[in-house]
There are 4 protein chains.
Amino acid sequence: MTEKFPDTVTVSPVGSMDLLSQLEVAKLRDVGRGDLRERLRRCALAVLNTGSQLDDARAVFERYADFRIELLQVERGIRLRLQNAPAQAFVDGELIHGIREHLFAVLRDVVYVSNEIEGRNGLDTPAAMTDAVFQILRNARVLKTRTPPDLVVCWGGHSIGREEYDFSKSVGYHLGLRGLNICTGCGPGAMKGPMKGAAVAHAKQRIRDGRYVGVTEPGIIAAEPPNPLVNELVIMPDIEKRLEAFTRFGHGIIVFPGGAGTTEELFYVLGILLNPANRELPFPLVLAGPGSAAPYFEQVDRFLRGTIGPEATQRYQVILDDAERVARVMRRGLAEVKEYRRDKGDAWFFNWRLRVEADFQQPFLPTHEAMAALDLSREQPPHQLAANLRRAFSGIVAGNVKDEGIRRIEEHGPFELRGDREIMDLMDALLQAFVAQHRMRLPGFEYRPCYRLVA
Amino acid sequence: MTEKFPDTVTVSPVGSMDLLSQLEVAKLRDVGRGDLRERLRRCALAVLNTGSQLDDARAVFERYADFRIELLQVERGIRLRLQNAPAQAFVDGELIHGIREHLFAVLRDVVYVSNEIEGRNGLDTPAAMTDAVFQILRNARVLKTRTPPDLVVCWGGHSIGREEYDFSKSVGYHLGLRGLNICTGCGPGAMKGPMKGAAVAHAKQRIRDGRYVGVTEPGIIAAEPPNPLVNELVIMPDIEKRLEAFTRFGHGIIVFPGGAGTTEELFYVLGILLNPANRELPFPLVLAGPGSAAPYFEQVDRFLRGTIGPEATQRYQVILDDAERVARVMRRGLAEVKEYRRDKGDAWFFNWRLRVEADFQQPFLPTHEAMAALDLSREQPPHQLAANLRRAFSGIVAGNVKDEGIRRIEEHGPFELRGDREIMDLMDALLQAFVAQHRMRLPGFEYRPCYRLVA
Amino acid sequence: MTEKFPDTVTVSPVGSMDLLSQLEVAKLRDVGRGDLRERLRRCALAVLNTGSQLDDARAVFERYADFRIELLQVERGIRLRLQNAPAQAFVDGELIHGIREHLFAVLRDVVYVSNEIEGRNGLDTPAAMTDAVFQILRNARVLKTRTPPDLVVCWGGHSIGREEYDFSKSVGYHLGLRGLNICTGCGPGAMKGPMKGAAVAHAKQRIRDGRYVGVTEPGIIAAEPPNPLVNELVIMPDIEKRLEAFTRFGHGIIVFPGGAGTTEELFYVLGILLNPANRELPFPLVLAGPGSAAPYFEQVDRFLRGTIGPEATQRYQVILDDAERVARVMRRGLAEVKEYRRDKGDAWFFNWRLRVEADFQQPFLPTHEAMAALDLSREQPPHQLAANLRRAFSGIVAGNVKDEGIRRIEEHGPFELRGDREIMDLMDALLQAFVAQHRMRLPGFEYRPCYRLVA
Amino acid sequence: MTEKFPDTVTVSPVGSMDLLSQLEVAKLRDVGRGDLRERLRRCALAVLNTGSQLDDARAVFERYADFRIELLQVERGIRLRLQNAPAQAFVDGELIHGIREHLFAVLRDVVYVSNEIEGRNGLDTPAAMTDAVFQILRNARVLKTRTPPDLVVCWGGHSIGREEYDFSKSVGYHLGLRGLNICTGCGPGAMKGPMKGAAVAHAKQRIRDGRYVGVTEPGIIAAEPPNPLVNELVIMPDIEKRLEAFTRFGHGIIVFPGGAGTTEELFYVLGILLNPANRELPFPLVLAGPGSAAPYFEQVDRFLRGTIGPEATQRYQVILDDAERVARVMRRGLAEVKEYRRDKGDAWFFNWRLRVEADFQQPFLPTHEAMAALDLSREQPPHQLAANLRRAFSGIVAGNVKDEGIRRIEEHGPFELRGDREIMDLMDALLQAFVAQHRMRLPGFEYRPCYRLVA
């Protein structure tokens with residue numbers, strides 16, 4: 001699985017990248033700013049490395065330190081030239097077609113964001129940030145104008161046990177039998193299971209255009225590379241836009257057991273749904289797992305109640321041990337979304353009406369200072385506490401699996417998080433359980449916490 | 001898995017059955033001959049029962065003795081009305097689309113054969129029997145005129161262990177990565193594994209029209225119902241036409257470990273390839289399995305050498321423990337088939353040039369008399385011995401899993417097979433090994449031999 | 001327009017003819033009965049001769065007396081080899097694709113009818129004849145199961161003036177703007193105008209799958225070859241099945257000015273609609289022309305009233321000088337057909353419920369004896385008189401433009417038709433007007449009557 | 001033809017405009033700058049007015065002075081609301097689909113250019129102007145990456161006689177029979193004929209995706225509205241980008257007889273081909289007309305020789321009275337283009353290699369001052385004279401049919417053009433012939449020259 005493909009391979013573009021102007025190609029080739037070039041190289045490596053058993057971004061980058069990607073300008077457009085790419089991406093010397101699509105999705109999104117989004121003025125208002133999310137999704141051609149709500153976002157850990165994985169697959173299967181499509185963060189575990197299940201069900205129902213949408217971001221893609229089932233891949237520029245994409249673009253969410261990342265996602269969506277402006281919006285949200293995950297969900301429930309309060313728990317439903325029921329509940333929920341949007345004249349393809357405050361949109365850079373400065377006390381409204389807890393878990397994910405985060409931890413030791421004793425105790429219990437259950441890293445790797453809780 | 005769907009369900013046709021004349025519908029409704037009506041009911045039950053854990057046709061029929069299927073004539077055409085159908089075929093009260101296709105494939109083939117084929121005069125010449133095979137395949141719309149050789153037939157046991165199953169899946173995966181399609185006898189085990197593997201690979205390669213062709217016959221379909229991945233289903237009228245369909249319609253064959261049925265298939269294809277008229281024809285034939293299957297293939301090889309002679313073994317290649325190599329060898333073999341047919345101006349879609357003698361075409365009805373009368377001695381040319389051994393194993397399959405065969409054994413005791421001592425000894429060794437390895441029936445069922453060997 | 005393409009050209013099949021069994025190809029090649037082979041040659045010549053300015057079948061056949069068509073058997077199927085074909089069918093040596101489709105439609109229908117229909121027993125009951133019409137249409141793949149009523153049959157003269165032609169084109173245009181499709185007898189004049197108009201309108205409405213269905217028969221195809229706009233061509237075996245196809249397969253009929261053939265068609269449809277069994281059936285029937293055609297329609301109206309009585313005139317509507325209104329009326333009529341069939345559960349694609357009596361189905365061979373024996377007296381029920389008048393006009397068409405008819409007239413002189421004085425006088429007036437208005441033959445040819453009326 | 005549709009009609013977008021962000025819609029609605037709003041209104045009116053018999057932009061605008069177009073913002077995107085639109089654009093109250101496409105093409109291009117192109121910095125370098133042409137074409141989705149050269153640009157007068165029109169139709173027919181596609185300036189006359197002919201031929205060849213591309217600009221669209229056959233419409237921001245689009249996007253050019261506009265086009269393409277940098281580029285250019293157009297082409301030829309010299313005449317070929325030969329020559333020419341681009345690795349979809357100097361790219365605003373200042377003397381290199389003559393004829397077109405030009409002439413009298421006597425004499429002769437032949441305006445309108453030549 002870790003062999004390299006020694007030859008130089010030249011790859012032609014697919015999708016929208018096959019029609020570039022000469023100025024655009026020149027600009028691409030001039031990608032002179034070291035960080036953009038490196039971002040491209042790393043994301044490209046990640047999609048080529050799909051299927052690997054590593055969730056440590058740094059280890060991936062080190063193993064393929066000599067991987068080279070180069071843009072060639074030919075009169076007709078561009079080519080990508082690869083060297084020392086992971087061998088598993090090839091069949092008899094040919095790049096697997098799905099991976100080739102992912103490669104050019106990376107090029108498309110990294111460059112589009114750099115050229116069209118980042119250079120804009122006034123990008124920091126909520127409306128402008130939402131607009132950027134929309135633009136990136138549209139440019140990736142994943143918005144479908146005529147399709148009623150059918151896209152189910154599945155969140156959950158990349159590192160889960162066989163039983164939980166099989167359950168997530170079974171849920172995907174029952175969703176697929178009902179003609180629903182899947183959107184995930186596109187890594188392994190709970191991000192892969194539902195797609196696999198849905199793919200089998202779509203085949204049985206003779207649905208040939210089933211959608212397996214992966215939404216990722218440059219920091220996480222190496223640790224959780226898209227599995228090749230993903231047939232629509234979008235790389236959002238940061239975790240906050242990725243989360244906003246999930247909530248505006250998907251029509252309902254299922255949360256499987258997971259670790260810090262899943263908890264971050266839960267605080268994100270609940271923080272938004274707690275916003276009174278969103279009170280009336282139908283938004284199907286189901287927490288689901290096998291019977292054996294009952295203690296997990298109880299603990300999560302306890303944590304949520306103990307931090308942002310019981311009101312939050314009104315917005316979701318927990319279903320254990322009944323994959324088919326999850327699918328039935330989700331289908332009913334989507335029918336409500338459909339009816340609501342039809343009544344209001346809303347678009348199917350983007351939830352414009354959902355209010356997302358700047359707190360949840362501003363990119364959070366988890367430095368030691370930023371982490372230490374987070375206010376994790378009860379002395380703030382619940383949705384603000386949710387925003388801060390979201391950031392705290394986001395930082396922990398970075399320290400666990402993201403290249404930059406790992407480096408920071410190595411250099412400066414664990415992050416310090418401060419807050420009310422009660423909150424810190426709840427958090428400590430939750431995180432210890434995650435560690436014990438191997439939810440922080442893939443099994444086989446010893447977990448060394450990247451955080452320290454201070455009451 | 002054994003629940004029944006209590007309501008009456010009315011199903012509209014898909015495929016070619018949605019355009020019938022009033023006379024045709026009337027004829028269908030008049031299906032008054034009890035045996036045709038019953039054949040239809042049983043085949044329909046079989047496809048509705050897909051996924052079940054039973055390989056005993058009689059048990060299936062008994063469990064669903066109150067299953068009813070009725071043809072309704074409406075002005076627009078026909079409808080099928082089902083009652084007490086297996087519940088697993090439905091999702092929220094709707095028949096799964098793939099199963100609906102299978103249901104009408106059954107109606108199409110059973111009726112077409114009855115109306116168009118069986119009534120013909122002079123059906124018993126080799127040319128006419130081959131023509132019937134072609135007509136049924138064409139009527140089922142599975143012949144593709146413009147596609148170069150890409151259809152790989154996979155044979156092997158319906159009852160195999162996890163390791164062999166996973167290997168067959170892996171072979172399917174590597175075939176699928178190379179754009180090849182799969183044709184099997186459409187039951188579980190080695191008939192399902194390659195399709196599942198290929199489906200994943202096709203998804204990765206973004207092949208949306210991957211083919212998973214199932215070719216079955218009324219006697220076997222209940223014991224080995226098509227899994228719903230099968231997206232093209234054909235029910236041939238008897239085992240001999242089914243075998244001829246495999247060899248003329250498929251472009252290469254892979255044989256995984258199996259039991260009596262697989263041995264029947266091996267004798268069929270080798271008996272034909274031993275025919276001097278077919279000596280020049282390229283015909284990729286690979287025997288493949290995991291490393292642990294080495295003893296199995298050695299025993300099969302010994303049996304073949306000891307019966308029809310070493311020449312037969314020249315026509316196949318054994319590959320162990322290397323699924324990717326199986327796929328590469330098969331791809332090379334198909335390239336030779338393509339080149340040969342192009343040179344000769346042959347059709348891609350049907351191997352007209354293959355000579356099949358009447359010995360291999362005449363339906364064999366395994367009564368106790370017929371079985372006892374088989375000449376299993378060395379005093380005949382190898383291809384004739386192959387034809388008789390093919391019949392012997394065909395009878396054993398019937399006695400193991402086919403409804404009629406099981407009844408015969410219950411009534412009259414095991415079949416008697418007679419032959420040279422040496423052949424009988426080899427056969428005894430082979431069959432005992434099959435029993436010991438649980439290749440005769442699905443695990444969990446005690447096996448009681450349906451045959452007795454007499455030297 | 002009358003050049004020949006000297007080279008031998010080999011043409012591969014399109015459509016259903018590209019998948020034949022070896023027995024079928026052999027049977028095709030053995031088309032040994034001289035008349036079938038000649039029928040094939042003549043129909044093939046007719047479709048290759050499209051666009052020619054000749055409506056005299058005999059002249060066409062004489063000019064291309066050395067045209068050869070041959071069936072070649074190759075391993076993959078069949079090829080057609082042409083020699084001395086009309087040059088206009090080729091572009092830079094390649095057969096125009098639409099004409100190639102027509103060529104294989106000829107092969108398909110002539111052979112299918114010969115093999116599958118004519119050999120049947122008991123073909124002479126009304127139900128069996130209707131079944132044959134259905135089978136031929138289905139085999140030609142022109143029956144669409146899911147499309148609501150949208151097929152407008154346009155009848156009218158092949159020899160009409162510019163003004164009438166332009167009007168028919170304008171009607172076609174307004175039908176096409178409303179998404180309706182066209183079916184005609186597929187010659188020039190009123191059979192071409194509506195298709196041309198509809199094609200422009202379909203392009204404006206971005207309808208890419210507009211249907212221009214031509215239904216012809218071997219006797220008439222040479223005089224009125226399909227124009228290449230026809231994208232679905234069916235050759236019915238005789239004029240009676242052709243007329244039945246129009247009325248069962250089309251959803252409404254527009255009659256433009258014409259000559260004897262159009263009058264035959266009018267008597268056919270009115271004779272059937274006079275049948276009390278059809279009284280309730282909605283059947284939009286419009287007689288339409290430019291303002292200048294008013295006298296024509298008055299005379300036709302007078303003739304119909306004077307022969308089969310005023311009741312017949314209740315079933316149609318005359319619209320002059322308003323092409324758009326014709327289209328609007330037809331659209332409304334089709335909406336009624338749709339509603340009726342939905343209420344009754346009838347098929348969209350074939351009007352099974354229409355009662356057609358044997359009188360209108362039995363092929364009529366217009367020999368001198370048969371023509372002289374026709375009972376054209378008032379002493380019979382109107383629908384029977386309609387049947388006989390239909391036959392009388394059918395004979396006149398044959399004498400005018402069909403090869404066999406022309407020969408008969410040359411040999412034995414004009415047909416004699418006998419009847420009541422009043423009917424004969426009306427008929428005489430009508431036919432003389434047709435002659436004066438050049439409706440019997442294309443302009444530029446002197447018309448010599450092929451009939452003699454005897455009171 | 002000049003009725004108005006009184007009701008208010010609300011139209012939903014087709015094509016790329018059905019997926020706009022809320023910011024984009026808001027920006028569209030704020031189209032507050034009076035001139036953009038008015039440009040949109042006029043272009044919209046032009047496409048709704050298709051088929052009208054007016055080529056006087058001002059008259060069109062005056063007749064429909066009360067035509068209103070309004071953008072509505074709904075949650076899902078935008079709608080257009082029309083009032084007092086030309087009635088001919090509707091069928092039973094529904095906008096014809098092709099016209100609806102044109103309407104949104106107008107919105108798309110006018111807004112895209114305003115938002116994305118005009119605001120850019122440094123738009124005035126040749127590379128940037130070419131890039132703008134490319135961007136607009138790509139945004140309109142008319143660039144096809146995988147199609148070899150097959151797009152034939154047809155230039156010629158909007159006001160030509162029946163014989164010339166029929167010839168242009170016949171050329172289109174023979175191009176269409178050869179599978180070639182058509183691109184024109186999308187008005188009547190020689191811009192419509194080839195499309196009509198090609199449409200018939202495409203139907204005969206069963207080509208369903210025939211392309212009829214119209215490239216226009218806001219100043220000319222009202223005088224020469226796209227006929228609805230145009231199934232891909234692009235509105236370039238000015239005449240110079242329109243001409244550059246023709247030469248880079250088309251693969252060959254046929255010039256039919258025309259007036260001042262056609263002469264402008266000829267000077268454009270010849271001026272560019274005279275550039276030594278383009279000497280090696282294959283570029284099929286054919287001047288074609290019926291036999292009766294011989295004097296016209298002789299005069300044009302004389303004028304070209306007398307102004308920019310005989311070298312220019314090497315780059316084109318004149319073909320008279322043989323429409324099929326025009327098509328054959330063009331097909332051969334395209335084959336050379338294909339071979340050349342394949343050798344060089346050039347794109348099929350855009351002729352990047354063609355050198356176009358700033359002289360031919362800078363928008364020329366034909367004021368009286370600018371016209372009077374044009375240097376039409378021999379004392380300059382031929383390609384520069386060509387550039388100036390191009391501008392002179394461009395100004396005459398504006399004075400003839402463009403709204404703004406007509407107003408200027410009314411206000412200030414005819415343009416004055418100065419130059420060498422010899423050139424002025426040639427020009428005088430040419431223009432007088434155009435007037436005499438009714439090539440300056442549609443027949444039925446008296447022509448009053450908008451220019452005065454001063455030697």
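Residues numbered from 1 in each chain as written. Chains lettered and ligands numbered in written order. Predicted model: local features only at pLDDT ≥ 70, side-chain atom pairs only at ≥ 80, totals over all residues. Heavy atoms only, no water.

1. Here we look at the packing of helix H6 (residues 162-177) of chain A against helix H11 (residues 323-344) of chain A
Residues and elements named next belong to chain A.
And step 1. Put simply, H6 and H11 touch, their axes get as near as 8 Å, and they point 45° apart. If you check the angle between H6 and H11, you find them oblique. Like other packed secondary-structure pairs, H6 and H11 cross with a definite hand, here right-handed. On the side of H6, the interface is formed by Phe167, Ser170, Val171, His174 and Leu175, while H11 contributes Ala323, Glu324, Val326, Ala327 and Met330. (Axes fitted to C-alpha atoms, helices over the stretch in contact; angles between N-to-C directions. Helix = DSSP H or I, 4+ residues; strand = E, 2+ residues; numbered from the N terminus. Parallel < 35°, antiparallel > 145°, perpendicular 65-115°, else oblique. Left-handed = near helix turned anticlockwise from the far one by under 90°. Contact = heavy atoms within 4.5 Å.)

2. Here we look at the relation of the copies chain D and chain C
And step 1. Note on the copies: chain D fits chain C at an RMSD of 0.0 Å, the axial shift is 0.0 Å, and the rotation between them is 180°. Both chain copies can therefore be described as sitting about a two-fold axis. Across chain D, the rotation axis passes nearest the C-alpha of D:Arg208, at a separation of 3.2 Å.
And step 2. An overlap of 100% is found between the interface residues of chain D and their copies at the interface of chain C, pointing to a shared contact surface. (Least-squares fit on C-alpha atoms with pLDDT ≥ 70 in both.)

3. A word on the interface of chain D and chain C
And step 1. Each partner contributes residues to the interface: chain D has 24 residues there, and chain C has 25 residues.
And step 2. Where C:Glu101 meets D:Arg206, a salt bridge forms, and the shortest distance between an N and an O atom there is 2.8 Å.
And step 3. Taken together, chain D and chain C are joined by twelve residue pairs in polar contact (both at pLDDT 80 or more).
And step 4. At the level of elements, helix H4 (97-117), helix H7 (193-204) and helix H11 (323-344) of chain D are the ones that each hand at least two residues to the side of chain D that touches chain C.
And step 5. Of the residues belonging to the side of chain D that touches chain C, the class tally is eight nonpolar, five polar and eleven charged. (Salt bridge = Lys/Arg side-chain N within 4 Å of Asp/Glu carboxyl O. Polar contact = N/O pair within 3.5 Å; in protein donor to acceptor, adjacent residues only side chain to side chain. Nonpolar A, V, L, I, M, F, W, Y, C, P; charged D, E, K, R; others polar.)

4. Here we look at the pattern of salt bridges
And step 1. By the definition in use, this model includes 115 salt bridges over all chains.
And step 2. Between A:Glu264 and A:Arg390 there is a salt bridge whose closest N-O contact spans 2.9 Å. One end of the pair, A:Glu264, is in helix H9 (residues 260-273); the other, A:Arg390, is in helix H14 (residues 382-401), and 126 residues separate them in sequence.
And step 3. A residue is classified by how much of its surface remains accessible, and A:Glu264, at 3% relative accessible area, is buried.
And step 4. The class of A:Arg390 is buried, set by a relative accessible area of 0%.
And step 5. Ionic pairing is found between C:Arg178 and D:Asp92, a salt bridge with its closest N-O pair at 2.7 Å. Within this pair, whereas C:Arg178 is found in the loop between helix H6 (162-177) and strand E9 (181-184), its partner D:Asp92 is found in the loop between strand E6 (90-91) and strand E7 (94-95), the two belonging to separate chains.
And step 6. By relative accessible area, C:Arg178 is classed as buried at 8%.
And step 7. Accessibility expressed as a relative area gives 33% for D:Asp92, which makes it partly exposed. (Buried < 20%, exposed > 50% of the residue type's maximum accessible area, 1.4 Å probe, protein only.)

5. Observations concerning the domain arrangement of chain A
All names here are of chain A.
And step 1. According to the domain assignment, chain A contains domain 1 (9-118) and domain 2 (125-455).
And step 2. The gap between the C-alpha centroids of domain 1 and domain 2 is 27 Å.
And step 3. In this complex, domain 1 contributes 26 residues to the contact, which on the side of domain 2 involves 30 residues.
And step 4. Roughly 2600 Å² of surface becomes buried between domain 1 and domain 2 when both sides are summed, with 61% attributable to carbon and sulfur atoms.
And step 5. Taken together, domain 1 and domain 2 are joined by one salt bridge.
And step 6. For Arg42, the salt bridge goes to Asp403, with nearest N and O atoms at 2.5 Å.
And step 7. There are five residue pairs in polar contact (both at pLDDT 80 or more) connecting domain 1 and domain 2.
And step 8. The class makeup of the residues in the side of domain 1 that touches domain 2 is twelve nonpolar, six polar and eight charged. (Domains from an automatic or database assignment. Buried area = accessible area lost by both parts, 1.4 Å probe.)

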